[in-house]
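The residues making up each chain are set out below.
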Amino acid sequence: MKRCVLTAGLAVALLWIGPAVAQTDSVTIDDQPTTEQNLGRINDLRRAGRQDDAADLLQELIDDARFMLITRGEGLYIDAELWAREELRRDPALLASYRDRFTASAERALMLAHEDGAMRGLREAHRRFGMTRPGLDAGLTLAGLLLEQGDIDAAWALLDELMRHPDQLEEQRRLLYLQAVCAMLAGDTERAADLAEQIRER
């Protein structure tokens, strides 16, 4: 594995992935054959209809790939967690298998985070299980706490990600409300008013 310090441009490009990434000044470029083999295995399993096994490997990648970039072409790198989430978003069958296998674990992680009362647990529940419904709940709670702390940029980045969650329509009023609070705290009254109007229309 290679260690590299983020350039300013790469740091900006990674900010939208989520507040957890924005808190570190270095990432790992994973150029290990095992990782590349696992990426290939995930795709092979999907093509073979073995969605459960593919979901298990995706979760292993998410668990092991914090602050890790993987190669997806000559000179092209992508955040491993982002890649895994995008694969789940674009494959309904894989997403369904993933949720069947990991929603219970996500519920336990969220429950422990609430019992602990620390933001770290919420971050981990969202990071590890963000594509489940409990993962969405963890993200929403975390966004509210970030706003309470005045960390508007991190809250915006997280809310933008949550707006792409498969279950976002079920929580759209809450998402819009948190975005409106973000806009108000940032002094963007026009956007806050527009978001408030969207809430009234729901």
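Quick note: structure is the one above.
These numbers come from a predicted model, not from an experiment.

### A word on the overall build of the protein
Here's step 1: In terms of helices and strands, the protein carries 11 helices and four strands.
Here's step 2: Out of the 202 residues belonging to the protein, those deemed buried represent 47%.
Here's step 3: A fraction of 61% describes how many contacts in the protein between residues 6 or more apart in sequence connect residues 24 or more apart.
Here's step 4: By element, 51% of the accessible surface of the protein is carried by carbon and sulfur atoms, the whole surface being about 10,500 Å².

### Re helix α9 (residues 152-162)
Here's step 1: For α9, the tally of buried residues reaches nine of 11 residues, placing the bulk of the element in the interior.
Here's step 2: Those residues of α9 not exposed but buried are Ile152, Ala154, Ala155, Trp156, Ala157, Leu158, Leu159, Glu161 and Leu162.

### A look at the packing of helix α4 (residues 51-64) against helix α6 (residues 92-116)
Here's step 1: Two elements in contact, α4 and α6, have axes separated by 8 Å at closest approach and are oriented at 70°. Comparing the axis directions of α4 and α6 gives the class roughly perpendicular. Of the residues in α6, those in contact with Gln51, Asp52, Ala54, Ala55, Asp56, Leu58, Gln59 and Ile62 of α4 are Ala93, Leu94, Ser97, Tyr98, Arg101 and Phe102.
Here's step 2: Partitioned by chemical class, the residues of the contact of α4 with α6 number eight nonpolar, three polar and three charged.

### A closer look at a negative patch on the surface
Here's step 1: A contiguous patch of negative charge, built from Asp188, Glu190, Asp194 and Glu201, is present on the exposed surface.
Here's step 2: Residue Glu190 is classed as exposed on the basis of its relative accessible area, which comes to 67%.

### Here we look at the nonpolar core
Here's step 1: Of all hydrophobic cores here, the largest spans 52 residues; its most connected members are Trp83 and Tyr98.
Here's step 2: Broken down by element, the residue count for this core peaks at eight residues, all from α6.
Here's step 3: Among residues more than four places away in sequence, those in contact with Tyr98 are Ala55, Gln59, Ile62, Leu88, Thr103, Arg128, Phe129, Met131 and Thr132.

### Details of the packing of aromatic side chains
Here's step 1: Taken as a whole and judged by the stated rule, the model has one aromatic pair.
Here's step 2: Ring centres 5.1 Å apart and planes at 40° place the aromatic pair Tyr98 and Phe102 in the tilted group. One end of the pair is Tyr98 and the other is Phe102, both in helix α6 and four residues apart, which spans about a single turn.
Here's step 3: The buried category is assigned to Tyr98, whose relative accessible area is 1%.
Here's step 4: By relative accessible area, Phe102 is classed as buried at 12%.

### Comments concerning the pattern of salt bridges
Here's step 1: For the structure on display, the rule yields 18 salt bridges.
Here's step 2: Taking the shortest distance from any N to any O, the salt bridge between Asp63 and Arg128 comes out at 2.8 Å. Pair noted here: Asp63 is in helix α4 and Arg128 is in helix α7 (residues 119-129), with a separation of 65 residues, a long-range link.
Here's step 3: Judged by its relative accessible area of 28%, Arg128 falls in the partly exposed class.
Here's step 4: The network of salt bridges with shared partners includes Arg46, Glu87, Arg90 and Asp91.

### Things to note about the environment of Gly150
Here's step 1: With respect to the helices, strands and loops of the structure, Gly150 is situated in the loop between α8 (133-148) and α9.
Here's step 2: We classify Gly150 as partly exposed; its relative accessible area is 48%.
Here's step 3: When the C-alpha atoms of Gly150 and Cys182 are compared, they prove to be 9.1 Å apart, with 32 residues separating the residues in sequence.

### Topic: the packing of α4 against α7
Here's step 1: Look at α4 against α7: their axes get within 9 Å of each other, and the N-to-C directions meet at 140°. Relative to α7, the element α4 lies oblique. Of the residues in α7, those in contact with Gln59, Ile62 and Asp63 of α4 are Arg127, Arg128 and Phe129.
Here's step 2: Of the residues that constitute the contact of α4 with α7, the class distribution is two nonpolar, one polar and three charged.

How each quantity is defined
- Residues numbered from 1 in each chain as written.
- Predicted model: local features only at pLDDT ≥ 70, side-chain atom pairs only at ≥ 80, totals over all residues.
- Heavy atoms only, no water.
- Helix = DSSP H or I, 4+ residues; strand = E, 2+ residues; numbered from the N terminus.
- Buried < 20%, exposed > 50% of the residue type's maximum accessible area, 1.4 Å probe, protein only.
- Contact = heavy atoms within 4.5 Å.
- Areas by Shrake-Rupley, 256 points an atom, 1.4 Å probe, with all protein chains shown as cover.
- Axes fitted to C-alpha atoms, helices over the stretch in contact; angles between N-to-C directions.
- Parallel < 35°, antiparallel > 145°, perpendicular 65-115°, else oblique.
- Nonpolar A, V, L, I, M, F, W, Y, C, P; charged D, E, K, R; others polar.
- Patch = residues over 30% accessible without salt bridge, like charges linked within 9 Å, V, L, I, M, F, W, Y side chains within 5 Å.
- Salt bridge = Lys/Arg side-chain N within 4 Å of Asp/Glu carboxyl O.
- Lys, Arg positive; Asp, Glu negative; His and termini not counted.
- Charge placed at Lys NZ, Arg CZ, Asp CG, Glu CD.
- Core = buried A, V, L, I, M, F, W, Y, C linked by side-chain atoms within 4.5 Å.
- Phe/Tyr/Trp six-rings, centres within 6.5 Å; stacked < 30°, edge-to-face > 60°.

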